[in-house]
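Residue strings, one per chain:
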Amino acid sequence: MHPSRQCRIHRNLNRHLLLLSKQRGHFFMPSGGQLCMSPDNWNVLAARIQAIQLPATSVQPTTPNSVEERIPVVPMRDMVLFPHMISRIFVARDKTRQAVEHALVGDRRVVVVAQKRITDDRPSTLDALHPVGVIANVVDRQTQVDGALKVTVCGFQRTGIVRITDGEFLAAEVTPIGEQGGQSKEAAALSSAVLDAYQIYAEVDFSALPPGSKARFSLPSIGDPSLLADTVAPLLSTGIEQKQQLLETSDVVTRLKRLIELMSAGRPKAVA
């Protein structure tokens, strides 16, 4: 399945989940724009994992270690995009607008990457950006009243930034990053441990799922440990640097272990 069709399927499923959770009073939309679940709605998390899992196996990503040229870049101040993640982002910088428009008249691909300094208005060099981002498809874009673009992107592959070109828009030569250890027995065992840790972290009760939900959502035996890790990571209340480290970790076992460590530390305490 072509990534653009995969993203359209993901977008429709996320709209359904948003409507469902909104009806139940269990949703919030953070500044980054991705659909997130409140801690008391484990069903929505489960549905999100299952919804993404079904089409993901059909995606044919670029071969790791091959270098691709001139993919438009979308630098992010305060968000790390993960593979299989759908996010709505707001674009105000002119070069980024040009990057999005260029992608839309081409193959719709962009490189979404976090910038190192949130105050940097012109992140136009390798030193200004983190070394790993995500190749994503531009699913949709709408122009807001204030002129900003609201862009929906769907991530589908980790990628290393090799070279930056600063012209009409920011573009990058990239090397897609392969993953290791995703099908190992250790990764499968850690997947269950991650789900258990998330129950404690988010204060939800897996045993409270309605009858049949475990089978329907294929939980806790998630068949794709990498997908599970990249689904849970954006839901954690951690900083940009920690999420960036998770994105840069290509070894799935190591990434699952790091998720467990972060969740074991608990949520940050609110300051009164």
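Structure shown above.
Attention here is on the structure that accompanies the text. (Residues numbered from 1 in each chain as written. Predicted model: local features only at pLDDT ≥ 70, side-chain atom pairs only at ≥ 80, totals over all residues. Heavy atoms only, no water.)

## Quick look at the packing of helix α7 (residues 240–248) against helix α8 (residues 252–264)
So, step 1. It is at 9 Å that the axes of α7 and α8 come closest, and there the two elements cross at 160°. Here α7 is positioned roughly antiparallel relative to α8, judged by the angle of their axes. Seen from above, α7 lies across α8 with left-handed handedness. Within the contact between the two elements, α7 uses Gln242, Gln245 and Leu246 and α8 uses Arg255, Arg258, Leu259 and Leu262.
So, step 2. Among the residues making up the contact of α7 with α8, the classes are represented as three nonpolar, two polar and two charged. (Axes fitted to C-alpha atoms, helices over the stretch in contact; angles between N-to-C directions. Helix = DSSP H or I, 4+ residues; strand = E, 2+ residues; numbered from the N terminus. Parallel < 35°, antiparallel > 145°, perpendicular 65-115°, else oblique. Left-handed = near helix turned anticlockwise from the far one by under 90°. Contact = heavy atoms within 4.5 Å. Nonpolar A, V, L, I, M, F, W, Y, C, P; charged D, E, K, R; others polar.)

## A word on the nonpolar core
So, step 1. Core analysis: the biggest nonpolar cluster contains 46 residues, and Leu81, Ile89, Val138, Val151, Tyr198, Leu236 and Met263 have the highest contact counts within it.
So, step 2. Top contributing element to this core by residue count: helix α4 (residues 185–202), with eight residues.
So, step 3. Formed by 12 residues, the second largest nonpolar core is a distinct cluster that contains Val73, Val111, Ile135 and Ala172. (Core = buried A, V, L, I, M, F, W, Y, C linked by side-chain atoms within 4.5 Å. Buried < 20%, exposed > 50% of the residue type's maximum accessible area, 1.4 Å probe, protein only.)

## A word on the packing of aromatic side chains
So, step 1. Evaluated as defined, the whole model comprises one aromatic pair.
So, step 2. For the ring pair Tyr198 and Tyr201, a centre distance of 6.3 Å and an interplane angle of 40° mean the geometry is tilted. You can see Tyr198 and its partner Tyr201 sitting in helix α4, three residues apart, about one turn around the helix.
So, step 3. Of the residues examined, Tyr198 reaches a relative accessible area of 3% and is grouped as buried. (Phe/Tyr/Trp six-rings, centres within 6.5 Å; stacked < 30°, edge-to-face > 60°.)

## Structural notes on α7
So, step 1. Inspection of α7 places Lys243, Gln244, Leu246 and Leu247 among the buried residues, and these make up the whole buried set. Projected down its long axis, α7 shows its buried positions confined to an angular sector of 155°, all on one face.
So, step 2. On its buried face, α7 sits against β3 (109–114), β4 (132–143), β5 (149–166) and α8. (Arc of directions from axis to C-beta.)

## Re the pairing of strand β6 (residues 170–176)
Regular strands show a simple pattern: their side chains alternate between the two faces of the sheet.
So, step 1. With seven of seven residues buried, β6 lies mostly within the body of the structure.
So, step 2. Side chains of β6 alternate between two faces, with Leu170, Ala172, Val174 and Pro176 and Ala171, Glu173 and Thr175 buried alike.
So, step 3. The pairing of β5 with β6 spans seven bridges and is antiparallel. Paired with Arg163 across the two strands is Glu173, which belongs to β6. (Pairing = 2+ DSSP bridges.)

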